[in-house]
Amino acid sequence: MEKVPGGGVLVVTVTEVFDKKKLAERDHPPLFSLQRQPAKCLTKGAELKHQHFSPAKKLQAWMEAIERLKLRVILDTDDAERLILPSRPSSVQALIDEIRTRLKLTFDFRLQFHDPDFDALCNLVEIEHLPSTASVKVVRLVELDQISTSTNDTIILTDGTDSTDTPEHSSQWPEVFIVPTFSYEVEHVLREGNAAYEKDGKLIRLPRDQKHNILETMGDEIYKLKAYPSSTQIGKAAEALVRKHPCLKENNSGTGWEGWKNSLRHKLGNQRKKLAKAGIKDVAVNSGKRSRTNPKGAAPRANIKRPRRGEVNFLPSYPSGETKECLETRRIEMVEEFQRTSAERDIPLIHQHMMRTFALRREEIITTSPPVSELKERWPALFYETQLYCEFHRITNQHLPHVFYAALDEYAGQLIGLYKKKKTVGEKMNQLLLAYEKQDKNDIHARRTAALVGLPIYLKEDSSGIFKTCKNEMEIYEGAVALVADVDEEEVPAGVPFSPHQVFIVLEDQVVMTHHSWTDALVCLFGLIYALHLSYPVKCSSFFEFIQIVLLKLDDERKQLKPKLLSLKNELV
């Protein structure tokens, strides 16, 4: 509203020129016409009484209406929910969190959306791709081993295994250890003891058999999580025990549970010996060390094979009813399938065999450490992206690309901000930041690449032997672990291009996989390090530990982080 000559008032009404039925199909704001009218106006067909808006205000209201999301959330073939969000979430992960909260979903999932350009379901990678009115499909991640390579995530047949075939360990160590239920007798004694403690602070002393029941039950619960828990984790279990049953607190202990921690540590050692005699592989692999009956054996603590990078299933036992010979037959059948063309391969059969032979494969990799060339010949499916991610899930119980990118997108902006703030970053970082400034700021791939490439520079590590470029794919690739990007330019800022033709994943001087995205190639490389039980490159160890501990949160709480990495973790978390 504005004044006009003669004291009159001009009320500007915004009226759409286009048919309103096509509003949802437009990606641009409507055209507007200006009219002199009495003191009322219409906006998008709805009368707003006694209100006067400027064209800018009306445009803002229109944009807010466009940003509102109207979703049809597909949960199953015959199950869908209508969901309207007042505004567009800032990221795909934020949308996932919103859907999980609104629909009260208790499982992990990712999203696909109906892309009008292809009239088909596509993976939702960037929130900007999602139309204002759309159908999104919830794809469960719990049954990752059942996901096929098809575009619409068709579920393939399971392998028919029963619950006895599940690995010994099924989850990461929890933030809060859940104390199990003890025998009926012990639970009664503890209930009475806790009541007495609440009344007058009286502690109880348990007889030997009752304490044995507590340690035995706690040991079994700990083993379900880890065969070789760290001292910190054992301490958390002891602390949780005393917190739940305060009558068990110790008088002469500063923490009140130090004695329980020591008792649990010894109990777990004895438990591992019994399990090793029973043939449980993840502990039997370390039996046969030096003793009075075996004086020439290796030192008891020499070359202990145990999870060191947050692995959940490090060395599982064979599935029930399976022998090494049966599993070897399945392996040979898989190799024969890979001798066929990709169109002729029986993908469900390969997938089922990969699930069943997991224990055989881990035994071979952990105990004999064969060269990569031999592993590629014996287990070709491991070097295909879908099966590689399934293998990572079997080992860690995590969906590698989704957890990785969700965390990276959360921290990428902070990382780039830290790179800009640090004044002693050097010429290489300056080149990277200058190259990033030339990229489209809405390009999530450029932001991810800049955040990851800058990490080794920020941590003062030499990544030149790992992140390489070439101009001809026929060039010789060398390196124990390397990513080689095929580019046109003679020189690439910071050694890694933002838009390579393709990226070669090199292990032990041979190309084992290729990818068109540098960040996707890095995810595959990290998956291969876990699947093949490889060590991190020495000159870039902090970079890979950042991915493991900060992005994926696969921390076994054994290793003390380097000061620079610890400082960076504290800056972000």
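The rules behind each value
- Residues numbered from 1 in each chain as written.
- Predicted model: local features only at pLDDT ≥ 70, side-chain atom pairs only at ≥ 80, totals over all residues.
- Heavy atoms only, no water.
- Helix = DSSP H or I, 4+ residues; strand = E, 2+ residues; numbered from the N terminus.
- Contact = heavy atoms within 4.5 Å.
- Phe/Tyr/Trp six-rings, centres within 6.5 Å; stacked < 30°, edge-to-face > 60°.
- Buried < 20%, exposed > 50% of the residue type's maximum accessible area, 1.4 Å probe, protein only.
- Lys NZ or Arg CZ within 6 Å of the ring centre and 35° of its normal.
- Salt bridge = Lys/Arg side-chain N within 4 Å of Asp/Glu carboxyl O.
- Pairing = 2+ DSSP bridges.
- Axes fitted to C-alpha atoms, helices over the stretch in contact; angles between N-to-C directions.
- Polar contact = N/O pair within 3.5 Å; in protein donor to acceptor, adjacent residues only side chain to side chain.
- Expected span 1.5 Å × (residues − 1).
- Patch = residues over 30% accessible without salt bridge, like charges linked within 9 Å, V, L, I, M, F, W, Y side chains within 5 Å.
- Areas by Shrake-Rupley, 256 points an atom, 1.4 Å probe, with all protein chains shown as cover.
- Lys, Arg positive; Asp, Glu negative; His and termini not counted.
- Charge placed at Lys NZ, Arg CZ, Asp CG, Glu CD.
- Parallel < 35°, antiparallel > 145°, perpendicular 65-115°, else oblique.
- Left-handed = near helix turned anticlockwise from the far one by under 90°.
- Nonpolar A, V, L, I, M, F, W, Y, C, P; charged D, E, K, R; others polar.
- pLDDT = per-residue confidence, 0-100.

**Regarding the environment of Leu83**
By the element assignment, Leu83 lies in strand β8 (residues 79–85). Taking the C-alpha atoms as reference points, Leu83 and Val73, separated by ten residues in sequence, lie 7.0 Å from one another. Contact partners of Leu83, with chain neighbours within four places excluded, come to Leu69, Lys70, Leu71, Val73, Ile99 and Arg102.

**A few points about the packing of aromatic side chains**
Any pair of aromatic rings gets described here by the distance separating the centres and the angle formed by the planes. Counting across every chain of the model gives eleven aromatic pairs. With 5.2 Å between their ring centres and 90° between their planes, Phe543 and Phe544 make a pair best called edge-to-face. Comparing Phe543 with Phe544, the two get one shared label, buried. Site record: aromatic cluster; members linked through ring pairs are Phe392, Phe467, Trp518, Phe526, Tyr530, Tyr536, Phe543 and Phe544. Here the guanidinium or amino end of Arg361 rests over the ring plane of Trp379, the centre of that ring lying 4.9 Å away. Taking the ring centre of Phe383 as reference, the NZ or CZ of Lys376 above it sits at 6.0 Å.

**Some remarks on the pattern of salt bridges**
As enumerated under the stated definition, the model contains 17 salt bridges in all. The partner of Lys267 in a salt bridge is Glu216, with the nearest N and O atoms 2.6 Å apart. With Lys267 in helix α6 (residues 258–277) and Glu216 in helix α4 (residues 208–225), the pair connects residues that are 51 residues apart, well separated along the chain. Lys267 gets classed as buried once you look at its relative accessible area, which sits at 13%. The salt bridge partner of Glu391 is Arg361, with a shortest N-O separation of 2.8 Å. Residue Glu391 is found in helix α12 (residues 385–396), and its partner Arg361 is found in helix α10 (residues 358–368); the two are separated by 30 residues along the sequence. When sorted by exposure, Glu391 lands in the same class as Arg361, which is buried.

**Quick notes on helix α17 (residues 541–551)**
Among the eleven residues in α17, eleven count as buried, and that is most of the element. When we look at burial in α17, the residues that qualify are Ser541, Ser542, Phe543, Phe544, Glu545, Phe546, Ile547, Gln548, Ile549, Val550 and Leu551. Tucked into the core, α17 has its buried residues touching α13 (400–421), α15 (444–458), β12 (467–470), α16 (518–531) and α18 (563–572). Taken from the residues just after α17, Lys553 is the one with a positive phi, measuring 55°.

**Considerations on the pairing of strand β9 (residues 109–115)**
For a regular strand, side chains alternate in direction, first toward one face of the sheet and then toward the other. Where burial is concerned, most of β9 is hidden: six out of the seven residues are buried. Pairing between β9 and strand β11 (residues 133–140): five bridges, direction antiparallel. Across the sheet, Gln112 pairs through a bridge with Lys137, a residue of β11. Two elements, β9 and strand β10 (residues 120–123), share four bridges in a ladder whose sense is antiparallel. What sits directly across from Gln112, in β10, is Asn123.

**Focus: the sheet that holds β12**
Reading across from one edge, β12-β13-β14-β15 is the order of the four strands in this open sheet, with mixed pairing throughout. Strands with a single pairing partner mark the edges of an open sheet, and in this sheet they are β12 and β15 (510–515). Averaged over all neighbouring strand pairs, the angle between strand axes comes to 30°, with direction disregarded. As judged from the six bridges shared by strand β13 (residues 481–486) and strand β14 (residues 502–507), these two strands associate in the antiparallel manner. Note that in β14 the partner of Asp486 across the bridge is Gln502.

**Let's talk about the side chain of Glu363**
Take Glu363: it is sitting in helix α10. Glu363 sits in the buried class, given a relative accessible area of 16%. In terms of polar contacts, Glu363 uses its side chain to reach the side chain of Lys281, at 3.0 Å. Among residues more than four places away in sequence, those in contact with Glu363 are Lys281, Leu315, Tyr318, Lys324 and Thr368.

**Observations regarding the sheet that holds β10**
Here we have five strands laid out as an open sheet, ordered β8-β7-β11-β9-β10, and mixed in their pairing. Two strands close off the open sheet at either side, each with one partner strand: β8 and β10. Averaged over all pairs of adjacent strands, the angle between strand axes in this sheet comes to 35°, irrespective of strand direction. Pairing of strand β7 (residues 69–76) with β8 involves seven bridges; the strand directions are antiparallel. The residue of β8 that forms the bridge with Asp76 is Asp79.

**Observations regarding α6**
A rise of 1.5 Å per residue sets the reference length of α6, with its 20 residues, at 28 Å; its end C-alpha atoms lie 29 Å apart and thus fit the reference within 8%. Taken as a whole, α6 has its buried residues at Trp260, Lys261, Leu264, Lys267, Leu268, Gln271 and Ala276. If you follow the buried residues of α6, they end up packed against α4, α5 (231–244) and α7 (281–284). Just beyond α6, the residue with positive phi is Gly279, at close to 95°.

**Describing a negative patch on the surface**
Where like charges cluster on the molecular surface, the negative patch consists of Asp76, Asp78, Asp79 and Glu81. For Glu81, the location among the structural elements is in strand β8.

**Here's the deal with the environment of Asn213**
The residue Asn213 is located in helix α4 in this model. Sequence separation of Asn213 and Glu185 is 28 residues, and the distance between their C-alpha atoms is 9.8 Å. In this structure the side chain of Asn213 is engaged in a polar contact, spanning 3.2 Å, whose partner is the backbone nitrogen of Ser183.

**With respect to the packing of α4 against α6**
Relative to each other, α4 and α6 sit at 65°, their axes nearing to 9 Å. The angle between α4 and α6 falls in the class roughly perpendicular. The way α4 lies across α6 gives a crossing that is right-handed. Here Lys211, His212, Ile214, Leu215, Glu216, Met218, Gly219, Asp220, Ile222 and Tyr223 of α4 come into contact with α6, specifically with Trp260, Ser263, Leu264, Lys267, Leu268, Gln271 and Leu275. Residue composition of the contact of α4 with α6, grouped by class: nine nonpolar, four polar and four charged.

**Considerations on the confidence of the model for the chain**
On average, residues of the chain carry a pLDDT of 80, and 77% of them reach 70 or more. Within the model, the stretch residues 1–51 combines pLDDT values under 50 with 77 contacts to residues more than four positions away or in other chains. Overall, residues 142–165 carries pLDDT values under 50, and its contacts beyond four positions in sequence, including any with other chains, amount to 45 contacts.

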